[in-house]
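One letter stands for each residue in the lines below.
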Amino acid sequence: MRTFSSLLLAVVLATLPPAHALWPQPRNLRTGSDKLKLSDDFKIHLEAHVPQDMLDAISRTEDFLKKDHLQRLIVGRGSSDTNALTNAKSLSELDLYLESGADANSITTEAQKPIESRDEAYTLNVPNDGSPANITASSTLGLLRGLTTFTQLWYEVDGTIYAADVPIYTHDSPAYPYRGFMLDTARNFFPVSDIKRTLDAMSLVKMNQFHWHVVDSQSFPLQIPEFMDLSIKGAYSSSSVYTPDDVKDIVAYAGARGIDVLVEIDTPGHTSVISKAYPGHIACPEATPWDIFANEPPAGQLRLASNETTNFAANLLAAVARMFPSTIFSTGGDELNANCYDQDPDTQKSLNETGRTLEQALDVFIKTTHKAIEDLGKTPVVWEEMVLKHNVTLNPNTTVLVWEKSENAKTVAQKGYKLIHAASDFFYLDCGAGSWLGASPDSPNWCDPFKTWQHSYTFNPTANLTDDEAKLVLGGQHLLWTEQSGPSNLDSIVWPRAASSAELFWSGPGGNVSHALERLHDLSFRLQQRGVKSIPLQPLWCALRPGVCDAVPHTS
């Protein structure tokens, strides 16, 4: 049974409020124990002339402070703070400073810079005497990150908005420059409003990359002015589309929140739906039985050995690349099915006429399609198969998404490519729901079991890597493939789990899971206050008593 000392420790922990509840955890942080009220006439000041999206960020921050109305997650929900608040000082001003010589670019401009050129560092100082707080940064993006931290300091009790742990000082910056989330909008469609709400949640946890897997074999919801038949014939319905104006709206909304949009047009596989508009470019369209032609239904791949199809794909990718300002663009490259090509007469004819093998034809396809986007200033992003399974020519600057197994990062790094962790064994949010295929009621999902937030939080981005190989790690992301997800469960399957990688790649690995849990509770409740249906991680009884529900080792 539990010893008296372990019981006493649990009781003591239950009476101690969390020192702070910031997410992600700043990498350098000093806090006090005083209370500080927010004045009714509180304002944020910025003397520099800045673009509109910075001014909008200030307005949003002031709005969050007034409307979050989050009570502390302790027994009594903050009622024990009321006596201390009687004599607490009030903060009426937050001053923002761009460092001398810094360019006053828009947040969007800063967020859309190349991955390793983004400056997100900031310094935040909140005194306990009521004198003005301040945030200093060398970019508007850094100021936004500081404002985000500032909004997480404040709680409400009996109509009073207050911070619990002042003075507070942090000089903060991310451990990794890429911290993302991928959403698949092809298997099931998500309205623009869902994407925007997701971007809001991402911004709160300082994620900076929205990886938009916008099309796939099942549907083609993206309207491309030069290729309108793709969405007309390939979308689920005329209302399940993203127009060019929708794209501009999403990109602008993301940019203003410090997030770049990485679009993915997966090629040459995962392209069955293109056959609806351009049947001549697709091998084995909807061939059956699907499982010998593709990893999931429907089957269909671009006829990569055809010069006409290669040029079609290059023109398609270039057209999409012109719709997105990001410096990176994903061409996919995963899960090619050789049998599809072996049984496709047109592909075999092209190979025979050119004397090429399938791998040689793939190399020509990749070089041609990548050149089309590189000529537009884009750096290609590919899934790991392009490096690990195929012998194709890639620009040395190509970035690789490691997804099949986390351990594959080692081989990718040994080949000298920069990489993004997106491993199915840590970061796939769809795992654990069982098989979605019909007539297989007892079949597991291929990537079971369910990936808990604790599991992803304990991931080590540089495991088994040398120092030089570790320098190639840009960061990582959570991913939601949507065979079993849609607008009805988007928030609940993503949040707050995806926040675990946001902290992992901002603060660095090695965080304490028990200490993180009480902060993640706080984040989940704040997300709910902002309209994101984040799910509970424990019974509320546990959330109000940090540590009490931890599993304590038994002693005899």
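Analysis parameters
- Residues numbered from 1 in each chain as written.
- Predicted model: local features only at pLDDT ≥ 70, side-chain atom pairs only at ≥ 80, totals over all residues.
- Heavy atoms only, no water.
- Buried < 20%, exposed > 50% of the residue type's maximum accessible area, 1.4 Å probe, protein only.
- Helix = DSSP H or I, 4+ residues; strand = E, 2+ residues; numbered from the N terminus.
- Pairing = 2+ DSSP bridges.
- 1 Å grid on protein atoms, 1.4 Å probe; cavity = no way out; pocket = protein on both sides within 12 Å on 5 of 7 lines; lining within 4 Å.
- Points joined across faces, edges and corners; volume = space filled by probe spheres on them.
- Nonpolar A, V, L, I, M, F, W, Y, C, P; charged D, E, K, R; others polar.
- Contact = heavy atoms within 4.5 Å.
- Axes fitted to C-alpha atoms, helices over the stretch in contact; angles between N-to-C directions.
- Parallel < 35°, antiparallel > 145°, perpendicular 65-115°, else oblique.
- Left-handed = near helix turned anticlockwise from the far one by under 90°.
- Polar contact = N/O pair within 3.5 Å; in protein donor to acceptor, adjacent residues only side chain to side chain.
- Disulfide = S-S within 2.5 Å.
- Salt bridge = Lys/Arg side-chain N within 4 Å of Asp/Glu carboxyl O.
- Core = buried A, V, L, I, M, F, W, Y, C linked by side-chain atoms within 4.5 Å.

Draft legend 1. Structural view of the pairing of strand β5 (residues 154-157). Side chains Trp154 and Glu156 of β5 all project onto a buried face; the interleaved residues Tyr155 and Val157 project onto the opposite face, where all are buried too. For β5 and strand β6 (residues 160-172), the ladder comprises 4 bridges, and the chain directions are antiparallel. For Trp154, the partnering residue across the bridge sits in β6 and is Ala163. Hairpin connection of β5 to β6: 2 residues between the antiparallel strands, including Asp158 at a positive phi of 50°.

Draft legend 2. Fine view of the layout of surface pockets. Considering only enclosed or pocket space, the largest pocket measures out at about 540 Å³ in volume. Around the largest pocket, the lining comprises 28 residues; the ones closest to its centre are Glu296, Glu335, Trp436, Trp446 and Glu483. Residue composition of the lining of the largest pocket, by class: 11 nonpolar, 9 polar and 8 charged.

Draft legend 3. Focus on the environment of Val251. In this fold, Val251 is placed in helix α8 (residues 244-256). Val251 sits in the buried class, given a relative accessible area of 9%. Once the C-alpha coordinates of Val251 and Thr136 are considered, the two residues, 115 residues apart in sequence, prove to be 26 Å apart. Residues contacting Val251, with those up to four places away along its chain left out, are Gln112, Val261, Phe324 and Pro325.

Draft legend 4. Spatial organisation of the packing of helix α6 (residues 192-204) against α8. Where α6 contacts α8, the axes come no closer than 10 Å and their chain directions differ by 15°. On the basis of their axis angle, the class for α6 and α8 is roughly parallel. Considering only the axes of α6 and α8, their crossing is right-handed. In this structure, α6 contributes Val192, Ile195, Lys196, Leu199 and Asp200 to the contact, and α8 contributes Asp246, Asp249, Ile250, Tyr253 and Ala254. Partitioning the contact of α6 with α8 into residue classes produces 6 nonpolar, no polar and 4 charged.

Draft legend 5. Region of the structure containing the side chain of Thr198. Looking at where Thr198 falls in the secondary structure, it is placed in helix α6. You can call Thr198 buried: its relative accessible area is 3%. From its side chain, Thr198 meets the backbone oxygen of Asp194 in a polar contact 2.9 Å long. The residues contacting Thr198, other than those within four sequence positions of it, are Phe181, Leu490 and Trp495.

Draft legend 6. Quick peek at the state of the cysteines. Throughout the structure, instances matching the rule amount to 3 disulfides. Covalent S-S linkage joins Cys284 and Cys340, the inter-sulfur distance amounting to 1.8 Å. Sign of the S-S torsion, about -100° for the bond between Cys284 and Cys340, identifies this disulfide as left-handed. Taken together, the positions of Cys284 in the loop between β10 (282-283) and β11 (301-302) and Cys340 in helix α10 (residues 338-342) put the pair 56 residues apart, joining distant regions of the chain. You can call Cys284 buried: its relative accessible area is 11%. Judged by its relative accessible area of 1%, Cys340 is buried. Put simply, Cys542 and Cys549 are joined by a disulfide, and their sulfur atoms are 2.1 Å apart. Between Cys542 and Cys549, the S-S torsion sits near -75°, and that sign places the bridge as left-handed.

Draft legend 7. Quick look at the pattern of salt bridges. Counting across every chain of the model gives 30 salt bridges. The residue Asp216 makes a salt bridge to Arg187 at a minimum N-O spacing of 3.3 Å. A residue pair is termed long-range when its members are at least 10 positions apart, and Asp216 in the loop between β8 (209-213) and α7 (228-234) and Arg187 in the loop between β7 (178-184) and α6 qualify at 29 residues. One exposure class covers both Asp216 and Arg187, and it is buried. Linking Glu404 and Lys389 is a salt bridge whose minimum nitrogen-to-oxygen distance equals 3.2 Å. In this pair, Glu404 is assigned in the loop between β14 (399-402) and α14 (409-414) and Lys389 in the loop between α13 (385-388) and β14, connecting sequence segments 15 residues apart. A residue is classified by how much of its surface remains accessible, and Glu404, at 24% relative accessible area, is partly exposed. With a relative accessible area of 52%, Lys389 lands in the exposed category. Via salt bridges that share partners, Asp184, Arg187, Asp216, Glu296 and Glu483 belong to a single interconnected network.

Draft legend 8. Up close: the nonpolar core. Among the nonpolar cores identified, the biggest contains 119 residues, and Phe210, Trp212, Leu222, Ile224 and Trp495 are the most heavily contacted of them. Counting residues per element, this core draws most heavily on helix α9 (residues 307-321), at 7 residues. Core analysis: the second largest hydrophobic core is formed by 34 residues, Leu38, Leu98, Ala137 and Ile161 among them.

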